[in-house]
Amino acid sequence: MSARLLDGKAVAAEVTEALRVKVAGMARKPGLAVVLVGDDPASAVYVRNKTRTAERIGLAHWQITLPADTTEADLLAEVRRLAGDPDVDGILVQFPVPRHIDRLRVVDTLPPDKDVDGLHVVNAGRLMQKREGFVPCTPAGCMELLRRTGIELRGAEAVVVGRSDLVGRPIARLLEHADCTVTVTHSRTRDLAGHIARADIVVAAVGVPNMVRGSWIKPGAVVLDVGINRLADGTLTGDVEFAPAAERAAWITPVPGGVGPMTIAMLMSNTVRSAERRG
Ligand code: NDP
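Model, not experiment: these values are computed from the prediction.

J.: Got a sec to walk through the overall build of the protein? Specific residues and values, please.
T.: The secondary structure content of the protein amounts to ten helices and eleven strands. Taken over C-alpha atoms, the radius of gyration comes to 19 Å for the protein, in line with the 19 Å a tight globule of 279 residues would show. Buried residues in the protein amount to 50% of all 279 residues. Of the contacts formed within the protein by residues at least 6 apart in sequence, a portion of 71% connects residues at least 24 apart. Element-wise, carbon and sulfur atoms account for 52% of the exposed surface of the protein, whose accessible area totals about 13,000 Å².

Encoded structure:
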């Protein structure tokens with residue numbers, strides 16, 4: 001392997017330690033509420049990691065676990081209750097929610113000033129217009145990792161694989177704000193390998209194990225692998241074929257230990273920022 005690791009775990013530890021110090025000096029503890037509907041094991045792990053980190057940095061935190069058969073009306077009522085609670089600065093509803101619940105209706109019910117995962121249309125619009133707002137945590141974490149590693153973005157060719165509201169679209173905007181020339185690819189893209197072969201920066205957010213082949217990576221590129229895929233043997237792997245990609249890339253994120261911890265660190269950062277704004 002010739003690439004250097006973009007060590008999200010280490011950078012996230014720096015970010016959360018700085019937040020711990022800041023929170024210790026705040027008159028009111030910032031509060032984070034995480035809502036989980038149902039018993040999806042992967043979601044339960046994500047929620048546990050979030051509440052553990054919140055605990056470590058001294059946030060007030062609440063985990064609201066609702067049964068899988070919770071009605072949409074009851075979930076929306078819970079979100080409205082949290083919206084009205086002055087101790088709550090950030091609300092995160094862990095997705096996916098069960099099929100009978102309309103995800104967008106949940107997002108629309110979040111108050112934009114407590115929408116610490118940056119999904120509400122107001123925050124998406126603010127990002128579009130490069131205005132102050134909450135940026136989705138995974139894309140924000142990718143950018144923070146690039147920034148702290150000192151990777152030059154201005155003028156770079158960036159290729160994003162995936163166009164979800166949660167990852168692909170917002171990371172494309174952030175890279176463009178950082179003066180990259182951005183190409184967004186998706187399941188209908190004709191020549192994915194050809195696009196990736198020209199990329200100085202590759203962000204893979206697909207959810208298909210190893211679909212980005214190592215041989216497609218341009219020598220010297222920076223590779224951010226957002227994918228988290230659990231294989232039949234229980235191991236986690238990303239969307240990028242790691243070993244051959246690491247032979248060609250200059251920098252690459254491991255899975256796990258790359259983008260995942262940065263996502264949690266940015267959730268904490270957004271919650272603290274929300275508390276600072278709300279006073
Ligand atoms: P979505 O399923 O919402 O989006 C996947 C995207 O990948 C879609 O835009 C889809 O295209 C595209 N896609 C699917 N197949 C292909 C293909 N063969 N070639 C090119 N593009 C393709 O997923 P998310 O964005 O929510 O998540 C992506 C991955 O990131 C998942 O593994 C998820 O677990 C992980 N994740 C990790 C986080 C972290 O903290 N590290 C946080 C959030 C997500 P189309 O639009 O055409 O359907």
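J.: Just give me the short version of the nonpolar core, but keep the residues and values in it.
T.: By size, the foremost hydrophobic cluster in this structure holds 50 residues, and its most contacted members are L175 and M268. In terms of residues, this core owes the most to one element, helix α10 (residues 259-278), which gives eight residues. Mapping this core onto the domain boundaries places at least three of its residues in each of domain 1 (28-111) and domain 2 (136-259). Dropping the residues within four chain positions of it, M268 is found in contact with L19, L32, K50, T53, A54, I57 and L59. Among the nonpolar cores identified, the runner-up in size contains 19 residues, and V37, V79, F95 and L119 belong to it.

J.: Tell me about the packing of helix α6 (residues 137-149) against helix α7 (residues 168-177), and name the residues and values.
T.: It is at 9 Å that the axes of α6 and α7 come closest, and there the two elements cross at 35°. Where α6 crosses over α7, the handedness of that crossing is right-handed. Every residue of α7 that contacts α6 at P139, A140, C142, M143 and L146 is listed here: P170, I171, L174 and L175. When grouped by side-chain class, the residues that make up the contact of α6 with α7 number nine nonpolar, no polar and no charged.

J.: Kindly report on the site of the ligand, identifying the contributing residues and their values.
T.: Residues in close proximity to the ligand total 20 residues, the closest being R163, S164, S187, V226 and T263. Between the ligand and R163, the relevant distance is 2.7 Å, taken from an oxygen atom to a side-chain nitrogen or oxygen of the residue. Between the ligand and S187, the relevant distance is 2.5 Å, taken from an oxygen atom to a side-chain nitrogen or oxygen of the residue. In isolation the ligand exposes 930 Å². Once the protein is present, 69% of that is buried. Among the elements that take part in the shell around the ligand, α10 stands out by supplying three residues, more than any other.

Definitions and limits used
- Residues numbered from 1 in each chain as written.
- Predicted model: local features only at pLDDT ≥ 70, side-chain atom pairs only at ≥ 80, totals over all residues.
- Heavy atoms only, no water.
- Helix = DSSP H or I, 4+ residues; strand = E, 2+ residues; numbered from the N terminus.
- Rg over C-alpha atoms; globule rule 2.2 N^0.38 Å.
- Buried < 20%, exposed > 50% of the residue type's maximum accessible area, 1.4 Å probe, protein only.
- Contact = heavy atoms within 4.5 Å.
- Areas by Shrake-Rupley, 256 points an atom, 1.4 Å probe, with all protein chains shown as cover.
- Core = buried A, V, L, I, M, F, W, Y, C linked by side-chain atoms within 4.5 Å.
- Domains from an automatic or database assignment.
- Axes fitted to C-alpha atoms, helices over the stretch in contact; angles between N-to-C directions.
- Left-handed = near helix turned anticlockwise from the far one by under 90°.
- Nonpolar A, V, L, I, M, F, W, Y, C, P; charged D, E, K, R; others polar.
- Near = heavy atom within 4 Å.
- Polar contact = N/O pair within 3.5 Å; in protein donor to acceptor, adjacent residues only side chain to side chain.

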